[in-house]
Amino acid sequence: MPDSSQANDVASYAAAVRSALAHLPAAEREILLEDLENHLAEVASESELSLRERLGRPEDYAVELRAAYGAASEAAGARPRMPFGNRVTALLRALTGDMPYRALRALLPELAPGWWVLRAYLAVLFLAFVLRDGTNLTPIPNPFSSGGVLQILATLIAIGISVRLGRRAMPVSRGWRGAVVAGNVAIGILALPVLASMGTGSNIAYSYDYSTDPYVAAASAGYYPGVTNIYPYSRDGRPLTDVLLYDQEGRPLVPEKTDLVIDVPNGTDGLPIPNAYPLNERQANGDPVVAPRVALPPLQTSTPTPTPPTPSR
Amino acid sequence: MQADGHPIDTSQLLKGVLDLAVLAVLADHDSYGYDVLRRLRDSGLDGIGDASVYGTLRRLYQAGALKSYVVASDEGPHRKYYGLNDRGRKALDQSTETWESFTKALDHLLNGRSTANA
């Protein structure tokens, strides 16, 4: 076996053994596995066969290793342990012997890359949340805004780093590993309020134009530019027709010129009445213009209590 | 352990005496992990797994019974050698005593049975 592939073999076998022993207390695992790669390299250098062929499955190797390390240490009393520690270890062993647990554990390494990507995404999301004061945050940033491009780039870079960390392609010391674990937990916790603040998205569209009550916004916008028709309603919500509107100078109010065809009614004198609203409009191709659906503001029920007319003498 | 009448499982026996076997091998001369395994197998204990030997070495080292040093090698990886220190030698002596009295007792039992049968 060439040296490089042998080194890969050792690294992947050792990683599998480590992950199978991941449930051990850190101190014990460290002592037990400190020298593992070196030892496996010794074994590998003795033969052309792969480690798996010579030593069996890494999971079984881990079990045997644990047994050889742990079982006799109690008997020899070399490392007296707390009864509580014993119970915990026994419990862990019982749990890890459990089939569903083992199946889940076996699945974890396959799920890990997904988590590497997700944690990078969440980390950048949290950063964006802090930097932008939590406003206008969407699950996927808008690529046509400078902030969005920045966020996407940052996410890609973060994913690269995260995956390298995950695969331990970077030289990672023991202290670093602790920091990475702490980082994972922190990202998981910090992401919660950010995700909660994202909402469902529908209110984002609204908040853009109508920061407040739509009626107020519409009224303050004025009806001149862009207004092509006016739909008057009575106070109690009935649509009105043929309402004649005039401006402050007494001139008929006429809408802007548009592509729409307007059927202008004529007065009895034969002259057109251009300011009878709503205008009877049609599209250029003849289709009727559909009246908008309007939401009428609730009015105070100052309904005119009809005062009975004072009888005149 | 074998109360159910099955023949003795050698790997179960080995577990109990692996410490002693490893100490005995290292008492002869210092050695690295894979070499310890090979020497154990050469002496007839071929049911021993690599992981068991490595785990035992780590534990004895942790318990302070072994010294350890790395020897650089021109071809192949650096090797971690293990050897007995004073504590290890003492442990070996004690274990040897225990083992001898144990086997003596068991020999006596087994011989007594065979003479009784004869």
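Residues numbered from 1 in each chain as written. Chains lettered and ligands numbered in written order. Predicted model: local features only at pLDDT ≥ 70, side-chain atom pairs only at ≥ 80, totals over all residues.

### Some thoughts on the overall build of chain B
What chain B contains, in helices and strands, is four helices and three strands. In chain B, the order of α-helices and β-strands from amino to carboxyl end is α-β-α-α-β-β-α. In chain B, which comprises 118 residues, the share counted as buried stands at 28%. Considering only contacts within chain B whose residues lie at least 6 apart along the sequence, 47% involve residues at least 24 apart. (Helix = DSSP H or I, 4+ residues; strand = E, 2+ residues; numbered from the N terminus. Buried ≥ 20, exposed ≤ 12 C-beta atoms within 10 Å, placed from the backbone. Contact = placed C-beta atoms within 7 Å.)

### Quick look at the overall build of chain A
The helix and strand tally for chain A stands at eleven helices and four strands. Burial status across chain A gives 14% buried among its 313 residues. Pairs at least 24 apart in sequence give 58% of the contacts found in chain A among residues at least 6 apart.

### Section: the interface of chain B and chain A
Each partner contributes to the interface: chain B provides 22 residues, whereas chain A provides 22 residues. Put simply, the parts of the chain that give the side of chain B that touches chain A at least two residues each are helix 1 (10-28), helix 2 (33-42), helix 3 (50-62) and strand 3 (79-84) of chain B. Ranked by the residues each element gives to the side of chain B that touches chain A, the list is headed by helix 3 of chain B, at nine residues. The residue inventory of the side of chain B that touches chain A, partitioned by class, reads seven nonpolar, eight polar and seven charged. (Nonpolar A, V, L, I, M, F, W, Y, C, P; charged D, E, K, R; others polar.)

### Topic: the sheet that holds strand 3 of chain B
All names here are of chain B. Across the sheet, which stays open at both edges, the three strands sit in the order 1-3-2 with antiparallel pairing between neighbours. Each having just a single partner strand, strand 1 (31-32) and strand 2 (66-71) make up the two edges of the open sheet. Taken strand by strand, helix 1 contacts strand 1 and strand 3, and its axis lies near 95° from that of strand 3. (Pairing = 2+ DSSP bridges. Axes fitted to C-alpha atoms, helices over the stretch in contact; angles between N-to-C directions.)

### Regarding the confidence of the model for chain B
Residue and element names in this part refer to chain B. Here chain B averages 83 in pLDDT, while 89% of its residues score no lower than 70. Within chain B, no element has a lower average pLDDT than helix 1, which sits at 84, and none a higher one than helix 2, at 90. For this predicted complex, the interface confidence score (ipTM) comes to 0.77, while the overall pTM stands at 0.42. (pLDDT = per-residue confidence, 0-100.)

### Looking at helix 8 (residues 146-167) of chain A
All names here are of chain A. Taking 1.5 Å per residue, 22 residues should reach 32 Å; helix 8 reaches 32 Å between its end C-alpha atoms and fits that length. If you check which residues of helix 8 are buried, you get Gln-151, Thr-155, Ala-158 and Ser-162. Projected onto a plane normal to the axis of helix 8, the buried residues spread over an arc of 75° and lie on a single side. Residues of helix 8 that are exposed and angled more than 90 degrees away from the buried face: Ser-146, Leu-153, Leu-156, Ile-157, Gly-160 and Arg-167. (Expected span 1.5 Å × (residues − 1). Arc of directions from axis to C-beta.)

### So, unusual backbone geometry
Residue and element names in this part refer to chain A. Of note, the bond from Tyr-277 into Pro-278 is cis; its omega dihedral lies within 30 degrees of zero at -5°. Notably, Asp-242 is not glycine yet its phi reads approximately 55°, a positive angle. Along the chain, Asp-242 turns up in the loop between helix 11 (214-221) and strand 1 (243-244). Among the residues examined, Asp-242 registers 11 C-beta atoms within 10 Å and is labelled exposed.

### Some remarks on helix 9 (residues 174-197) of chain A
Over its 24 residues, helix 9 of chain A runs 36 Å from end to end, which matches the ideal 34 Å to within 8%, given 1.5 Å per residue. Of all the bends in helix 9 of chain A, the largest measures some 30° and sits at A:Ala191, one to four residues before the proline A:Pro193. (Bend = angle between axes of the 7 residues up to and from the residue.)

### Looking at the nonpolar core
Counting residues in hydrophobic clusters, the biggest one holds 43 residues, and the most contacted among them are A:Val17, A:Leu40, A:Leu65, B:Val22, B:Val36 and B:Val53. Contact partners of B:Val22, with chain neighbours within four places excluded, come to B:Val36, B:Val53, B:Thr56, B:Leu57 and B:Leu60. A:Ala120, A:Ala123, A:Val124 and A:Ala128 belong to the second-largest nonpolar core, a separate cluster that totals eight residues. (Core = buried A, V, L, I, M, F, W, Y, C linked by C-beta atoms within 7 Å.)

### So, the environment of A:Arg177
Residue and element names in this part refer to chain A. Its location among the elements puts Arg-177 in helix 9. With 13 C-beta atoms packed within 10 Å, Arg-177 lands in the partly exposed category. Counting along the chain gives twelve residues from Arg-177 to Leu-165, while the straight-line C-alpha distance between them is 9.1 Å.

### Side note on the pairing of strand 3 of chain B
Residues and elements named next belong to chain B. Of the pairings in the sheet, the one linking strand 1 to strand 3 comprises two bridges and is antiparallel in character. The partner of Ser-31 across the bridge, within strand 3, is Tyr-82. Of the pairings in the sheet, the one linking strand 2 to strand 3 comprises six bridges and is antiparallel in character. Bridged to Lys-67 within strand 3 is Gly-83.

### With respect to the environment of A:Arg167
Its location among the elements puts A:Arg167 in helix 8. C-alpha of A:Arg167 to C-alpha of A:Pro113: the two residues are 54 residues apart in sequence and 8.6 Å apart in space.

### Quick look at the packing of helix 1 of chain B against helix 3 of chain B
All names here are of chain B. Here helix 1 crosses helix 3 at 75°, and the two axes come no closer than 10 Å. By the angle class used here, helix 1 and helix 3 are roughly perpendicular. Within the contact between the two elements, helix 1 uses Leu-18, Asp-19 and Val-22 and helix 3 uses Ser-52, Val-53, Thr-56, Leu-57 and Leu-60. Taken together, the residues of the contact of helix 1 with helix 3 sort by class into five nonpolar, two polar and one charged. (Parallel < 35°, antiparallel > 145°, perpendicular 65-115°, else oblique.)

### Digging into the packing of helix 1 of chain B against helix 2 of chain B
Residues and elements named next belong to chain B. Across the interface, helix 1 lies against helix 2 with an axial gap of 10 Å and an inter-helix angle of 105°. The angle between helix 1 and helix 2 places the two elements in the roughly perpendicular class. Taking contact as the criterion, the partners of Ala-21, Val-22, Val-25 and Leu-26 in helix 1 are, on helix 2, Val-36, Arg-39 and Leu-40. Within the contact of helix 1 with helix 2, the residues separate by chemical class into six nonpolar, no polar and one charged.

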